Amino acid sequence: MPTAKHIGYRPTWAEINLNNLEHNFLRIKERISCGTKILVTVKADAYGHGLIPTSEKLESCGVDFLGVASIDEGIALRKAGIKSPILVLGLILKDHLSPLFEYDLTISVCDEELSAALNNKARLLRKKAKVHIKVDTGMGRIGILHYDAHKLVRKIYGFKHIKVEGIFTHFAFADINKKFTFYQIDLFDALIQRLAAEGIAIPLVHAANSMGILNYRHSHFNMVRPGLVIYGLYPKGNLKISLKPVLSLKTKVIFVKNVPAGCGISYGHEYVTPRPTRVVTLPIGYGDGYPRNLSNKAPVLIGGKRFRICGRICMDQIMVDVGKAAVKIGDEAVLIGAQGKNMITTEELADLSKTIPYEIVCGLGSRIPRVSVF
Ligand SMILES: *Cc1c(COP(=O)(O)O)cnc(C)c1O
């Protein structure tokens, strides 16, 4: 149980189970061939799990690459002493090239202009810049369109101060549309084959996110890019892999009140007590990224039992009708995770909130301290 030293004076925190992180990493390793490398995406504060402790654990597990969204996330990793290769998956502006050299970051490129600027910068610094070329095979965001990619790769190969270390693409549908995913894999594979036939063998070739890894073996190439599954979350149900959730969200009962029947609870009185009952207040709300559309819906575990949030979720507080249960101030409440025999998963909350598990964990705010447990 974390003390005020760990979490401050508000008893609301997220536990990050680093053993479970390792468990998931090993399960994914079992799913790929032994020569295949792993880049774990730790963008968005490691999907809300805490960038630094998560990355340190992954490094100790032998991760090959870490994937971030921005230069700033890469710098934060280097400042924390992370030595693993870091790929910035998002695009950067050509005004922002210096930190790549200062912090040894690899970037994604998908046009000639940025590549040329990078080549110039590297020449001036007498260094080599490392890039992975991003190819759009059907995602429609950053990336050179697949039919223009061959030309661009050849062009970038001509830049003396750039080392093309990788080439990659990203799936638009990995979950539901098998046909389109196969089509993307084929387009990408054809490009790689064509380059190889011309003597251009790019060292790292990658495409697979979590769903790609689990559902499309021939999408692994020689590196995979899991995110969600490493955090023990399932992109959808019925996947034959045993993952352990890494994040639990906990708080403590801060107030207990016996109220009569007909008592309106929270803004707008969307909940009115149907009988005399006991209503508890918990110190967490949408100001912590706990989705407001879970009002009157989300389950909460207290004393090993499942209850439901009653009334609207406030910025800093939520209420729970616990009936006759003997709940007292200071009791632990679990919003995500296990308590006794009961369990609330991120996936369950995501369904209730009509979103995806990614958004639930990434949305948890900076007001919630992340506490590593082992
Ligand atoms: C975030 C991200 C991933 C990881 O996706 P998951 O679905 O979380 O496995 C892989 N590749 C790229 C380019 C990403 O941005």
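**Some thoughts on the overall build of the protein**
- Along the protein, the regular secondary structure elements total twelve helices and 21 strands.
- Along the first, second and third principal axes, the C-alpha atoms of the protein reach 80 × 45 × 35 Å.
- Out of the 374 residues belonging to the protein, those deemed buried represent 53%.
- A separation of at least 24 residues holds for 66% of the contacts in the protein among residues at least 6 apart in sequence.

**Digging into unusual backbone geometry**
- If you check the backbone angles, Ser266 has positive phi at about 70° while not being a glycine.
- Tracing the backbone shows Ser266 in the loop between β13 (264-265) and β14 (271-272).
- Positive phi values are uncommon outside glycine, yet His269 reaches one of about 45°.
- In this structure, His269 sits in the loop between β13 and β14.
- Here His269 falls in the partly exposed class, since its relative accessible area comes to 49%.

**Structural notes on the pattern of salt bridges**
- Counting across every chain of the model gives 16 salt bridges.
- Residues Glu270 and Arg312 are paired through a salt bridge, measuring 2.6 Å at the closest nitrogen-oxygen approach. Here Arg312 lies in the loop between β17 (305-310) and β18 (318-323) and Glu270 lies in the loop between β13 and β14, a separation of 42 residues in the sequence.
- Judged by its relative accessible area of 46%, Glu270 is partly exposed.
- With its nearest N and O atoms 3.1 Å apart, the salt bridge here joins Lys328 to Asp331.
- Asp331 gets classed as buried once you look at its relative accessible area, which sits at 18%.
- What emerges from the salt-bridge pattern is a single network uniting Arg10, Asp288, Asp316 and Arg367.

**Some details on the packing of helix α8 (residues 146-157) against helix α9 (residues 178-197)**
- Contact geometry for α8 and α9: axes closest at 10 Å, N-to-C directions at 25°. Here α9 runs roughly parallel to α8, going by the angle between their axes. The two elements α8 and α9 meet at a crossing, and its hand is right-handed. Residues His146, Ala149, His150 and Val153 of α8 form the contact with α9, whose own contacting residues are Leu187, Leu191, Arg194 and Leu195.
- Taken together, the residues that form the contact of α8 with α9 break down as five nonpolar, two polar and one charged.

**Details of the side chain of Gln339**
- By the element assignment, Gln339 lies in strand β19 (residues 332-339).
- A polar atom in the side chain of Gln339 sits 2.9 Å from the backbone nitrogen of Gly304.

**What to know about the domain arrangement of the protein**
- Per the domain assignment, the segments making up the protein are domain 1 (31-231) and domain 2 (247-373).
- Here the C-alpha centroids of domain 1 and domain 2 sit 39 Å apart.
- Taken together, the contact between domain 1 and domain 2 spans seven residues of the former and six residues of the latter.
- Where domain 1 abuts domain 2, roughly 660 Å² becomes buried across the two surfaces, and 68% of that area is made up of carbon and sulfur atoms.
- Counting the surface domain 1 buries against domain 2, the share from its top three residues, Tyr47, His49 and Leu228, is 60%.
- If you look at where domain 1 meets domain 2, you find zero salt bridges.
- Linking domain 1 with domain 2 are one residue pair in polar contact (both at pLDDT 80 or more), by the criterion used here.
- Considering each element in turn, the side of domain 1 that touches domain 2 owes the most residues, three residues, to helix α3 (residues 43-48).
- For the side of domain 1 that touches domain 2, the per-class residue count stands at four nonpolar, three polar and no charged.

**Some thoughts on the pairing of strand β8 (residues 162-168)**
- Here β8 lies mainly inside the structure; six of its seven residues are buried.
- Pairing geometry for β8 and strand β9 (residues 204-206), over three bridges, is parallel. Bridging from a neighbouring strand, Ile167 pairs with Val205 of β9.

**Re the pairing of strand β1 (residues 12-17)**
- Where burial is concerned, most of β1 is hidden: six out of the six residues are buried.
- Here β1 shows two buried faces, one formed by Thr12, Ala14 and Ile16 and the other by Trp13, Glu15 and Asn17.
- In terms of strand pairing, β1 meets strand β11 (residues 247-252) through five bridges, oriented antiparallel. For Trp13, the partnering residue across the bridge sits in β11 and is Lys250.
- Inspection of the sheet shows β1 paired to strand β21 (residues 370-373) by four bridges, in the parallel sense. For Glu15, the partnering residue across the bridge sits in β21 and is Val371.

**Some thoughts on the state of the cysteines**
- For the structure shown, the criterion picks out zero disulfides.
- With no disulfide of its own, Cys61 lies 18 Å from the sulfur of Cys34, the closest cysteine sulfur.

**Quick word on the site of the ligand**
- In the region of the ligand, the neighbouring residues are Thr41, Lys43, Tyr47, Arg141, His170, Asn209, Ser210, Arg225, Pro226, Gly227, Leu228 and Tyr358.
- Between Arg225 and the ligand, the recorded distance is 2.8 Å, taken from a side-chain N or O atom to a nitrogen atom.
- About the coverage of the ligand: the protein hides 92% of its 390 Å² of free accessible area.
- Looking at side-chain class alone, the shell around the ligand contains four nonpolar, five polar and three charged residues.

About the thresholds
- Residues numbered from 1 in each chain as written.
- Predicted model: local features only at pLDDT ≥ 70, side-chain atom pairs only at ≥ 80, totals over all residues.
- Heavy atoms only, no water.
- Helix = DSSP H or I, 4+ residues; strand = E, 2+ residues; numbered from the N terminus.
- Buried < 20%, exposed > 50% of the residue type's maximum accessible area, 1.4 Å probe, protein only.
- Contact = heavy atoms within 4.5 Å.
- Salt bridge = Lys/Arg side-chain N within 4 Å of Asp/Glu carboxyl O.
- Axes fitted to C-alpha atoms, helices over the stretch in contact; angles between N-to-C directions.
- Parallel < 35°, antiparallel > 145°, perpendicular 65-115°, else oblique.
- Left-handed = near helix turned anticlockwise from the far one by under 90°.
- Nonpolar A, V, L, I, M, F, W, Y, C, P; charged D, E, K, R; others polar.
- Polar contact = N/O pair within 3.5 Å; in protein donor to acceptor, adjacent residues only side chain to side chain.
- Domains from an automatic or database assignment.
- Buried area = accessible area lost by both parts, 1.4 Å probe.
- Pairing = 2+ DSSP bridges.
- Disulfide = S-S within 2.5 Å.
- Near = heavy atom within 4 Å.
- Areas by Shrake-Rupley, 256 points an atom, 1.4 Å probe, with all protein chains shown as cover.

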